[in-house]
There are 2 protein chains.
Amino acid sequence: MEQNFSSYLLGDAVNELSKLPGIGKRTAMRMALHLLKQDQMHVNRLGESLIKMRQEMVFCKRCHNISEKEICGICANPKRNNSIICVVEDIRDVMAIENTSQYKGLYHVLGGLISPMDGVAPSDLHISTLIERISKENISEVIFALSATVEGDTTNFYIFKYIKGMDITVSSLARGVAIGGEIEYADEVTLGRSIVKRLPYTGA
Amino acid sequence: MEQNFSSYLLGDAVNELSKLPGIGKRTAMRMALHLLKQDQMHVNRLGESLIKMRQEMVFCKRCHNISEKEICGICANPKRNNSIICVVEDIRDVMAIENTSQYKGLYHVLGGLISPMDGVAPSDLHISTLIERISKENISEVIFALSATVEGDTTNFYIFKYIKGMDITVSSLARGVAIGGEIEYADEVTLGRSIVKRLPYTGA
């Protein structure tokens, strides 16, 4: 859109913005023109917050979650149950589970799922550090909280191979019809599985 | 999404990113996590290009287009026809028309359209400087290139009131069925107007 346009300053900004995920040239241009109309202070805050975040944030050496220190706040928290590890694909999954306030154990962020189609091999993920944690730390339970997709199942199975001999409970997230969800809108596979894996009704 | 999350650095970045137009908290979080995985150099380039753009770019004193100097490249170009002014709403309209390479006159960027519904009055726009330019510069034609909406028409009409007494050609963009467009997909209003305002067929 800006091919004939002479400003290299605007062009640079648009070019950098369009490298963000999901942002094309047009959206980047809209953002850049929006920023041009804002106070200098506001634009400085945006630019500096990004630079500072990248500079000072690291990944936790233990669970690969984001952190401001070598060991993240969850791993370092003495109130968490450090005998349970919840295995997730991504940092956003940690946030989603944390927001439920229902889990008080630790995490392990794989950084992706095994996917031969996308060229993601087990060695590209934080699987070896997970196996190491499970064998060295005093772990009693491993919870698989990966997507219910072919990639998620493959990854679960790959990890399970390593730990099935150990004296550890291995569990995975409950699957079924969503709470508050209407039966007629549930997908067939989920609904079918929900009937097969039905639970005793307790009246509670 | 990040309410229970302890990092103020990440929170700051997400907060600033979510002030961009069309970016919600979730998208901002995706962007921030994406940036965390990039090289420091890459993030610096993004942050610094935004700050520098805002610092060094100004709005042209004559036509209110963006510029790196007091007078923009279009206004300062001696090859442009400086007796024609094309009136547009936004800088992006300048870019769109420039990209056609079909127009060699000057521009005037209003910065919006008159809209009582949105509380935009004529005094909020660069209309007085347009009237001043038309009366002081040696202008022979004014082209209205505003949206064909109620707001666009109102703005055209408001400006026209001031200049209709002057010895100036006033024109507006041709409206009709798009070139390469299929008739059955043209909207009714455009198609109806295209029939009423039909042009002599020249065989060219």
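Residues numbered from 1 in each chain as written. Chains lettered and ligands numbered in written order. Predicted model: local features only at pLDDT ≥ 70, side-chain atom pairs only at ≥ 80, totals over all residues. Heavy atoms only, no water.

### Considerations on the domain arrangement of chain A
Quick reminder of the rule: For the purposes of this description, domain bounds are those given by an automatic or database domain assignment.
Domain boundaries in chain A define domain 1 (8-56) and domain 2 (78-200). Centre-to-centre separation of domain 1 of chain A and domain 2 of chain A, based on C-alpha positions: 36 Å.

### What about the side chain of Glu16(A)?
What counts, and what does not: Helix and strand definitions here come from DSSP, where helices need a minimum of 4 consecutive H or I residues and strands a minimum of 2 consecutive E residues; each element is numbered from the N-terminal end. Here, residues are in contact when the closest pair of their heavy atoms is within 4.5 Å.
Following the sequence through the fold, Glu16(A) ends up in helix H1 (residues 8-17). Excluding residues that lie within four positions of it along the chain, Glu16(A) makes contacts with His42(B), Arg45(B), Leu46(B) and Ser49(B).

### A closer look at the interface of chain B and chain A
Using the following cut-off: Here the buried area means the combined drop in accessible surface, using a 1.4 Å probe, for two parts upon being joined, counting both sides. For salt bridges, the criterion is a side-chain nitrogen of Lys or Arg within 4 Å of an Asp or Glu carboxyl oxygen.
Listed as interface residues are 58 residues of chain B and, on the opposing side, 58 residues of chain A. Summing the contributions of chain B and of chain A, the shared interface buries around 5,800 Å²; its carbon and sulfur component is 70%. Among the residues chain B hides against chain A, the three largest losses belong to Leu9(B), Leu36(B) and Arg54(B). Together they make up 12% of the total. Run the count over chain B and chain A and you get 4 salt bridges. Among the ionic pairs, Glu16(B) bridges to Arg45(A), the shortest N-O distance being 3.2 Å. Secondary-structure elements contributing two or more residues to the side of chain B that touches chain A are helix H1 (8-17), helix H2 (25-36), helix H3 (40-56) and helix H5 (91-100) of chain B.

### Overview of the sheet that holds strand E5 (residues 141-144) of chain B
All names here are of chain B. The condition is simple: Strand pairing is assigned whenever DSSP detects at least two bridges linking the two strands. Note on method: axes are straight lines fitted to C-alpha atoms, helices fitted across the in-contact stretch only, with angles between N-to-C directions ranging 0 to 180 degrees.
Here 4 strands make up an open sheet; going across it, the order is E4-E3-E5-E6 and the pairing parallel. Each edge of the open sheet carries a strand with a single partner, namely strand E4 (105-109) and strand E6 (169-172). Mean inter-strand twist for the sheet, computed between neighbouring axes without regard to direction, equals 25°. Pairing between E5 and E6: 4 bridges, direction parallel. By the bridge assignment, Val142 is partnered in E6 with Val170. Contacts from H5 reach strand E3 (81-88) and E4 within the one sheet, and its direction differs from that of E4 by about 160°. Contacting E3, E5 and E6, helix H7 (residues 150-163) runs over the sheet at an angle of about 165° to E5.

### Here we look at the pairing of strand E4 (residues 105-109) of chain A
For a regular strand, side chains alternate in direction, first toward one face of the sheet and then toward the other. Residues and elements named next belong to chain A. As a reminder, the rule being used: Burial status follows relative accessibility: with a 1.4 Å probe on protein chains alone, a residue under 20% of its type maximum counts as buried, one over 50% as exposed, and anything between as partly exposed. Handedness of a crossover: with both strands directed away from the viewer, a clockwise path from the first strand across the helix to the second marks it as right-handed.
In terms of burial, E4 is largely enclosed, as 5 of its 5 residues are buried. Bridging between strand E3 (residues 81-88) and E4 involves 5 bridges; their strand directions are parallel. Residue pairing for E4: Val88 is matched across the bridge by Val109. Read as a crossover between parallel neighbours, the route from E3 over helix H5 (residues 91-100) to E4 is right-handed.

### So, the packing of aromatic side chains
One pair of aromatic rings is described through two measures. These are the centre distance and the angle between the planes. All names here are of chain B. Threshold: Here the aromatic set is Phe, Tyr and Trp, taking the six-membered ring for Trp, and pairing holds for ring centres within 6.5 Å; pairs whose planes are under 30 degrees apart are stacked, those over 60 apart are edge-to-face, and all others are tilted.
Applying the stated criterion to the full structure yields 4 aromatic pairs over all chains. Plain terms: the ring middles of Tyr158 and Tyr162 are 5.5 Å apart, the flat faces sit at 55° to each other, and that makes the pair tilted. Highlighted residues: Tyr158 and Tyr162, both in helix H7, separated by 4 residues, approximately one helical turn. Residue classification places Tyr158 among the partly exposed positions, given a relative accessible area of 22%. The exposure class assigned to Tyr162 is partly exposed, which follows from its relative accessible area of 42%.

### Here's the deal with the pattern of salt bridges
Where charged atoms of side chains with opposite charge meet at close range, the side chains can pair. Residue and element names in this part refer to chain B. Evaluated as defined, the whole model comprises 18 salt bridges over all chains. Residue Arg133 is joined to Glu137 by a salt bridge in which the shortest nitrogen-to-oxygen separation is 3.2 Å. For Arg133, a relative accessible area of 5% corresponds to the buried category.

### Comments concerning the relation of the copies chain B and chain A
This is how it is decided: When the copies are overlaid, the least-squares fit takes in C-alpha atoms only where the residue has pLDDT of at least 70 in both copies.
Rotating chain B by 180° and moving it 0.1 Å along the rotation axis overlays it on chain A with an RMSD of 0.1 Å. The transformation just described matches what one would write down for a two-fold rotation axis. Closest to the rotation axis within chain B is the C-alpha of Gly47(B), separated from it by 1.9 Å. When the interface residues of chain B are mapped onto chain A, 100% of them are again interface residues, pointing to one common binding face.

### Quick word on the sheet that holds strand E5 (residues 141-144) of chain A
Residues and elements named next belong to chain A. Read across the open sheet, the 4 strands follow the order E4-E3-E5-E6; overall the sheet is parallel. Here the strands that pair on one side only, and so sit at the sheet edges, are E4 and strand E6 (169-172). Averaged over neighbouring strand pairs, the angle between their axes works out to 25° when direction is ignored. With 4 bridges connecting them, E3 and E5 associate as parallel partners. Of the residues in E5, the one forming a bridge with Cys86 is Ile143. In the packing of H5 onto the sheet, contacts are made with E3 and E4, and the angle to E4 comes to roughly 160°. Sitting on the sheet, helix H7 (residues 150-163) touches E3, E5 and E6, and the angle it makes with E5 is about 165°.

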